[in-house]
Amino acid sequence: MVDYHAANNQSSTGGVQIYMEQENDWDRDLLLDPAWEKQQRKTFTAWCNSHLRKSGTQIENIEEDFRDGLKLMLLLETISGERLPKPERGKMRVHKINNVNKALDFIASKGVKLVSIGAEEIVDGNAKMTLGMIWTIILRFAIQDISVEETSAKEGLLLWCQRKTAPYKNVNVQNFHISWKDGLAFNALIHRHRPDLIDYDSLRKDDPVTNLNNAFEVAEKHLDIPKMLDAEDIVGTLRPDEKAIMTYVSCFYHAFSGAQKAETAANRICKVLAVNQENEQMMEDYEKLASELLEWIRRTIPWLENRTQEKTVNDMQAKQEDFRDYRCVHKPPKVQEKCQLEISFNTLQTKLRLSNRPAFMPSEGRMVSDINGAWHTLEGAEKGYEEWILSEIRRLERLEHLAEKFHQKAAIHESWTDGKEAMLTQKDYETSTLSEVKALLRKHEAFESDLAAHQDRVEQIAAIAQELNELDYYDSAKVNARCQKICDQWDTLGAFTQSRKESLERTEKQLESIDELYLEYAKRAAPFNNWMEGAMEDLQDMFIVHNIEEIQGLITAHEQFKSTLAEANKEREAIQAIQSEVQKIAQSNGIKLSGANPYTTITPESIDSKWEKAMDMVPLRDTALQDELNKQNSNDTLRAKFATQANTVGAYIQAKMEEIGRISIEMNGTLEDQLTNLKEYQKTIMSYMPEINTLEGYHQLIQEALIFDNQYTSYTMEHLRVGWEQLLTTIARTINEVENQILTRDAKGITQEQLHEYRASFNHFDKKRSGQMVSEDFRALLISTGNSLGESEFARIMGIVDPNGSGAVTFQAFIDFMSRETTDTDTADQVIASFKILAADKNFITAEELRRELPPDQAEYCIARMAPYTGADAAPGALDYMSFSTALYGESDL
């Protein structure tokens, strides 16, 4: 006996073989039931005769009439439409075995696995083996090719029955035995497709024989389905034979296959239209979000580019507070919207590729690159605005300091010049004695010395006014007017001084006496008095510093000044000693002094008074310098706190950026596991947000303290903000990439193992571990998969995976290409063929036909978008479904 089990191991339909092997093994046990064997004999005999009649013959006894193999070969030729090898016409047993073997070989060539069925058993008339063989043929040629919603064979046939009989009362098809005993299921199938043949409402569940006979007779008379079973055989059996029922029901399926094709066509169209509607909604959402984001950027940039100067530091600090509010409140939601926009764009493009649609091209100015460009401009304006605010604050601080210093020096100078013009223009020397004239001359020389000493102060006042003008001080007009008045007065004083000097010199020849001691006193008192005024001015001088080194420099200079006080006190005592000597000489010689020193207005009392004031100012200056030192120490501590936190955050962001780079390349496990892990990783990243907020707090304190440098860290707040936003965007993009891979896998039927294999191959040739490959590495990858590529073929593939011509291939583009090459997708031709079925083979379709075959919303969608049909065979209301179908796939404009 020939064993076909080994002969069919090379069949390409392995899944069908396993199913049939299970069916055959199970059937051998069931054939032990005589009632089932009787039902199978009738059913299989009728099924065989329904095909043999086409060749002008039939069988009476199923196990006897197939023994010589001739009708068996004829049956196979009839149902397959193929020619078998020429049969042997001899009557000997060997001729019969050879004929049966030819039939069995043909069955095996169709991918059917025959277990323990040999030609000798068929020739010997073994009923059990013969029925098993016929059941195998029925499975292969009548049931195996049945397909309903991605299920096939027995499951597909059962699903078809359930869907067709679902609306009918008292019908619940769950199997191919008990569910058919009352006959209602058979009648429901006929009524669903031919309601004119059955009065279903007249049937009763408690009369199964009548129901079965009615269905069998109507099927035989009107549907050309031979009667394969008797109603009594089914009703009289506790559990009808499953294979007999399946064989009978398959004849109903094939009889109504035309209607099934129309339903399949309608389903295909519904699926295509649903995808198109969803994609259009996503496109509208993208356009709206992109427009709103670009409008916000357009409105924000002019505000950031506004450089209107303020008059005071407080006004600029108010602007700084507005900018901080923009940074912390208004901008973060827009960063999230930008990230979501990129994710939506990538998801839409993936869905379009998976559904074989053309890529989405946003309207002009709303591309992702346009948004990124606008965002880059926004960030540039933002950085420039912040730098301008800080520089303006520094400038205004400098201006306020200079303005106060100007007015202080001007007040001192004006106080000094008060009455000088009157003094220089008086004619007192005309009635004075010689000694008085000499005194006046010496007094005038002392005044000239004093005048020269004040020249520096006038120059300082003019220099400060000039600097205020250069720094664009808002009240420059008032400063300039006061400065001009001082300069004009100074020129007048100079002219008056020269004029008085000349007058005194003319009178000097006539006046010879002069009090040398007074003169010496005047000469020494004037510079010392000027020194004291300068010292008092310096002790009251305001200062502004930005670090410890600057304040320490001021403290050092102050200490040096204090070290000169002892020598200055000696000079004061010496000057006072001159005045004491004058008094002593006058008393000893009985000279009556006229009063004040004729050569100077500086009295010993004024010197002592100024000295005491200067000494009182020294400790005040000490306190002010020490307070500033404490402030700078506090600022330095704040710098250190910010630096410590910044260095920690910067290192964390750098480490996480490197880590996410590795994760995106070395992801293992299923895509769902990867997605779960990435989202958990994203939560971990977001849990670090309090550290960022802490750093923002330190940064705010530093800005409020007007600290503009930090030697303890190279990080700036702007640098860390950009790094943090980049980290969040990178993890979001990686999650989106995995979600798109899941969409690709589910839509294309790619297994997890294939994805792992794609990932391993990609990573092997991604030498830089960047998540992208250059074209030469991609060529090497394709060659490693067994592809022999010419230049034109490789250029075609690169046009698919790199449509922008960037020279790099991403992993997503790689798996899109692999899935495109290995799986089928809906095409425009398939949609046109589906519409043609709904249109009953016409070149056009009507609105009525669309509403009858499609769901309401999708029918209206088609009617609204289909152009009128203008062919020669056009009928009223005809619609052009061909141009509509090609437009869905980008082959023409809708």
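Residues numbered from 1 in each chain as written. Predicted model: local features only at pLDDT ≥ 70, side-chain atom pairs only at ≥ 80, totals over all residues. Heavy atoms only, no water.

If you tally the helices and strands in the protein, you get 33 helices and seven strands. Relative to its full complement of 894 residues, the protein shows a buried share of 46%. A sequence separation of at least 24 residues applies to 75% of the contacts in the protein between residues at least 6 apart. Put simply, the protein shows about 44,100 Å² of open surface, and 50% of that area lies on carbon and sulfur atoms. (Helix = DSSP H or I, 4+ residues; strand = E, 2+ residues; numbered from the N terminus. Buried < 20%, exposed > 50% of the residue type's maximum accessible area, 1.4 Å probe, protein only. Contact = heavy atoms within 4.5 Å. Areas by Shrake-Rupley, 256 points an atom, 1.4 Å probe, with all protein chains shown as cover.)

Among the nonpolar cores identified, the biggest contains 78 residues, and Trp 47, Trp 180 and Phe 186 are the most heavily contacted of them. Examining the composition of this core, we find that 10 residues originate from one element, helix 7 (residues 127-143), more than from any other. Those residues in contact with Trp 47 that lie beyond four places of it in its chain are Leu 75, Ile 79, Ile 137, Ile 138, Ala 142, Met 228, Thr 247 and Cys 251. Membership of the second largest hydrophobic core comes to 45 residues, among which are Ile 702, Leu 727, Ile 731 and Leu 781. (Core = buried A, V, L, I, M, F, W, Y, C linked by side-chain atoms within 4.5 Å.)

When two helices pack together, their arrangement is captured by the angle between the axes and the distance separating the axes. For the pair helix 27 (residues 775-784) and helix 28 (residues 791-801), interaxial distance at closest approach is 12 Å and the crossing angle is 110 degrees. The orientation of helix 27 with respect to helix 28, classified from their angle, is roughly perpendicular. Relative to helix 28, the crossing made by helix 27 is right-handed. Of the residues in helix 28, those touching helix 27 at Ser 775, Phe 778, Arg 779 and Leu 782 are Glu 791, Phe 794, Ile 797, Met 798 and Val 801. Within the contact of helix 27 with helix 28, the residues separate by chemical class into six nonpolar, one polar and two charged. (Axes fitted to C-alpha atoms, helices over the stretch in contact; angles between N-to-C directions. Parallel < 35°, antiparallel > 145°, perpendicular 65-115°, else oblique. Left-handed = near helix turned anticlockwise from the far one by under 90°. Nonpolar A, V, L, I, M, F, W, Y, C, P; charged D, E, K, R; others polar.)

Spanning 13 residues, helix 8 (residues 153-165) covers 18 Å between terminal C-alpha atoms, matching the ideal 18 Å at 1.5 Å per step. Within helix 8 the residues assigned to the buried category are Ala 153, Gly 156, Leu 157, Leu 158, Trp 160, Cys 161, Lys 164 and Thr 165. (Expected span 1.5 Å × (residues − 1).)

All chains considered together, the criterion is met by 49 salt bridges. Linking Arg 721 and Glu 718 is a salt bridge whose minimum nitrogen-to-oxygen distance equals 3.7 Å. Pair noted here: Arg 721 and Glu 718 are both in helix 25 (residues 717-748), with a separation of three residues, about one helical turn. The exposure class of Arg 721 is buried, given its relative accessible area of 14%. One salt-bridge network, held together by shared partners, links Arg 327, Lys 331, Glu 379, Glu 382, Glu 386, Glu 696, Glu 718 and Arg 721. (Salt bridge = Lys/Arg side-chain N within 4 Å of Asp/Glu carboxyl O.)

Mapped onto the elements of the fold, Trp 375 is located in helix 15 (residues 368-417). For the pair Trp 375 and Ile 297, spaced 78 residues apart in sequence, the C-alpha separation works out to 7.2 Å. With near-sequence residues (within four places) excluded, Trp 375 lies in contact with Leu 293, Trp 296, Ile 297, Lys 331, Lys 334, Val 335 and Lys 338.

Before going further, it helps to examine the side chain of Thr 886. Turning to its location among the elements, Thr 886 is positioned in helix 33 (residues 881-888). For Thr 886, a relative accessible area of 17% puts it in the buried group. Engagement of the side chain of Thr 886 in a polar contact is seen with the backbone oxygen of Ser 883, the distance being 2.9 Å. (Polar contact = N/O pair within 3.5 Å; in protein donor to acceptor, adjacent residues only side chain to side chain.)

The interhelical angle for the contact between helix 9 (residues 184-193) and helix 10 (residues 208-222), taken along N-to-C directions, is 35 degrees, at an axis separation of 8 Å. Classified by chirality, the crossing of helix 10 by helix 9 is left-handed. Residues Leu 184, Phe 186, Asn 187 and Ile 190 of helix 9 form the contact with helix 10, whose participating residues are Asn 211, Leu 212, Asn 214, Ala 215, Phe 216, Val 218 and Ala 219.

Looking now at the side chain of His 444. Topologically, His 444 is positioned in helix 17 (residues 434-470). Among the polar contacts listed, one links the side chain of His 444 to the backbone nitrogen of Lys 501, at a separation of 3.4 Å. Discounting residues that sit within four places of it in the chain, His 444 has contacts with Leu 424, Thr 497, Arg 500, Lys 501 and Leu 504.

What follows deals with the packing of aromatic side chains. Within the structure shown, the criterion is met by 29 aromatic pairs. Measuring from centroid to centroid gives 6.3 Å for Trp 296 and Tyr 326, while their planes differ by 15 degrees, and the two rings are stacked. In this pair, Trp 296 sits in helix 13 (residues 257-305) while Tyr 326 sits in helix 14 (residues 313-354), placing the two residues 30 residues apart along the sequence. Like Tyr 326, Trp 296 is buried. Linked through ring pairs, Trp 296, Trp 303, Phe 323, Tyr 326, Trp 375, Tyr 385 and Trp 388 together constitute an aromatic cluster. A cation over a ring is seen here: Arg 140 above Phe 141, with NZ or CZ 5.2 Å from the ring centre. The residue whose ring lies beneath Lys 842 is Phe 844, and the NZ or CZ to ring-centre distance is 5.7 Å. (Phe/Tyr/Trp six-rings, centres within 6.5 Å; stacked < 30°, edge-to-face > 60°. Lys NZ or Arg CZ within 6 Å of the ring centre and 35° of its normal.)

This part covers the environment of Gln 408. Within the secondary structure layout, Gln 408 lies in helix 15. Overall, the relative accessible area of 25% leaves Gln 408 in the partly exposed class. Sequence spacing of Gln 408 and Ile 461 is 53 residues, and the spatial spacing of their C-alpha atoms is 9.5 Å.

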